[in-house]
Amino acid sequence: MTTISASAVAVTGAASGIGRALAIELAARGADLALADRDEAGLAAVAAEIAKAGTRKVTVHRVDIGEPDHIAAFAEAAISAHPSLNILINNAGVTLLGQFHEIEQAQMEWLFNVNFWGTVHATRAFLPQLARQREAHIVNVSSIFGIVAPPGQTAYCASKFAVRGFSESLRHELAAARSPVRLSVVHPGGVATNIVRNSRTGAGVSDNARRAQAIEWFDAAARTTPTAAARTIIEGVENNRPRILIGRDARLMDLLQRFLPATYWSVLQRRLGRETAQTGNSSR
């Protein structure tokens, strides 16, 4: 098991959503925290909330996870402030609305710099520190879209499949080397955060209604709270689970992909169509 109490944890994307919930839950369970995000006001609010509830040591770090220099500076500052730091949670992520032909190459590279390369650079920056600890853990947040790949999500799916592949291979390397570092990859389904509301739009997308529809659909489908997601992740870390699925929807889609690896989308499309119709009828 990886013990949370008395651990020191670095969390990226900690100002909102799952990252914010993780910070609060980890502090409640006795962990010290190094919290990173671009949103300084959001970080300050999280730190203030934690301070009201206890006496854990919390440091906040303004970090653009898409910038390798920012990540290197974050690792140096976090380890200096928390010399026993032994858990890294690569949670920061962004989305991009649009089909492949609607997305410019620079936009896809921006998304990869955050979702994939941010995870890789942070892992590289923190791994020597983690490897010196008696027990340590890396948590890389992929997505259910790192297991299934719907249309309209080419950039996001590519980045999250990459996170999954990187994480699984690295986990095997660490195990073969008998490293004290364990690694879990997380696949959330619909979690009620602002990730879709805050998404960027492909340069070739001229239909504003599509963005509104995507937000409306996500808000209706995202049935797992960030707090529930955080608790599932922490339980997975405590039990050294290599793969952590969050939400009933993620578990169902994972099973469907296993049984129908080449044709799952036709089944999912029919199911999603029915749910969208039911949601629409209930909202009238």
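Owing to the predicted nature of the structure, the values given are computational and were not obtained by experimental measurement.

K.L.:
Before we go on, may I ask you to explain helix 4 (residues 105-115) in this structure?
P.N.:
Residue pairs spaced three or four apart in an α-helix point in one direction, given the helix's 3.6 residues per turn. Every buried residue of helix 4 is accounted for by Gln107, Met108, Leu111, Phe112, Val114 and Asn115. Mapping the buried residues of helix 4 onto a view down its axis gives an arc of 165°, with all of them on the same face. Seen from the buried face of helix 4, the exposed residues on the opposite side, beyond 90 degrees, are Gln105 and Ala106. Packed against the buried residues of helix 4 are strand 5 (96-97), helix 5 (117-131), helix 6 (154-176) and strand 8 (200-201).

K.L.:
Quick question: what am I supposed to make of the side chain of threonine 119 here?
P.N.:
Within the fold, threonine 119 resides in helix 5. Among the polar contacts listed, one links the side chain of threonine 119 to the backbone oxygen of asparagine 115, at a separation of 3.1 Å. Those residues in contact with threonine 119 that lie beyond four places of it in its chain are Asn90, Val114, Asn140, Val163 and Phe166.

K.L.:
I keep staring at the environment of arginine 182 and nothing clicks. Help me out?
P.N.:
Note that arginine 182 resides in strand 7 (residues 181-188). In sequence terms arginine 182 and valine 237 are 55 residues apart; their C-alpha atoms lie 8.7 Å from each other. Apart from the residues within four sequence positions on either side, arginine 182 is in contact with Ala136, His137, Ile138 and Asn240.

K.L.:
Sorry, what's going on with the sheet that holds strand 7 here?
P.N.:
Pairing between the strands of a sheet is mediated by backbone hydrogen bonds and can be parallel or antiparallel. The strand order across the open sheet formed by seven strands is 3-2-1-4-6-7-9, and the pairing between neighbours is parallel. With one partner strand each, in any of the chains shown, strand 3 (58-62) and strand 9 (243-246) form the two edges of the open sheet. Shown here is a sheet whose adjacent strand axes are inclined to one another by a mean of 15°, direction ignored. The strands that helix 2 (residues 40-53) touches are strand 2 (32-37) and strand 3; relative to strand 3, the one it contacts most, it runs at about 175°.

K.L.:
It is not clear to me how the nonpolar core should be interpreted in this structure. Could you clarify?
P.N.:
Nonpolar side chains tend toward joint burial in soluble globular proteins. Counting residues in each nonpolar core, the largest one holds 33 residues, and the members touching the most others are Ala10, Phe74, Leu85, Phe126 and Leu130. Elements with a contribution of two residues or more to this core: strand 1 (8-12), strand 2, helix 3 (68-81), helix 4, helix 5, strand 6 (136-141), helix 6 and strand 7. Here phenylalanine 74 is in contact with Ala10, Thr12, Ala34, Ala36, His61, Val63 and Phe126, once residues within four sequence places are set aside. In this structure, Ile4, Ala21, Ala27 and Ile244 belong to the second largest nonpolar core, which totals 30 residues.

K.L.:
Help me understand empty space enclosed by the protein in this model?
P.N.:
To find leftover empty space, one rolls a probe the size of a water molecule over the atoms. In this structure the tally under the stated criterion is one cavity of 30 Å³ or more. Of the voids in this model, the largest cavity is the one considered here, and its volume is about 30 Å³. Residue lining of the largest cavity: Ile4, Val9, Leu26, Ile87, Ile89, Val139, Ile233, Ile234 and Val237, and that is the complete set. Listing elements by their share of the lining of the largest cavity, those giving two or more residues are strand 4 (87-90) and helix 8 (226-238). Here the lining of the largest cavity gets three residues from one element, more than from any other, and that element is helix 8.

Conventions and cut-offs
- Residues numbered from 1 in each chain as written.
- Predicted model: local features only at pLDDT ≥ 70, side-chain atom pairs only at ≥ 80, totals over all residues.
- Heavy atoms only, no water.
- Buried < 20%, exposed > 50% of the residue type's maximum accessible area, 1.4 Å probe, protein only.
- Helix = DSSP H or I, 4+ residues; strand = E, 2+ residues; numbered from the N terminus.
- Arc of directions from axis to C-beta.
- Contact = heavy atoms within 4.5 Å.
- Polar contact = N/O pair within 3.5 Å; in protein donor to acceptor, adjacent residues only side chain to side chain.
- Pairing = 2+ DSSP bridges.
- Axes fitted to C-alpha atoms, helices over the stretch in contact; angles between N-to-C directions.
- Core = buried A, V, L, I, M, F, W, Y, C linked by side-chain atoms within 4.5 Å.
- 1 Å grid on protein atoms, 1.4 Å probe; cavity = no way out; pocket = protein on both sides within 12 Å on 5 of 7 lines; lining within 4 Å.
- Points joined across faces, edges and corners; volume = space filled by probe spheres on them.

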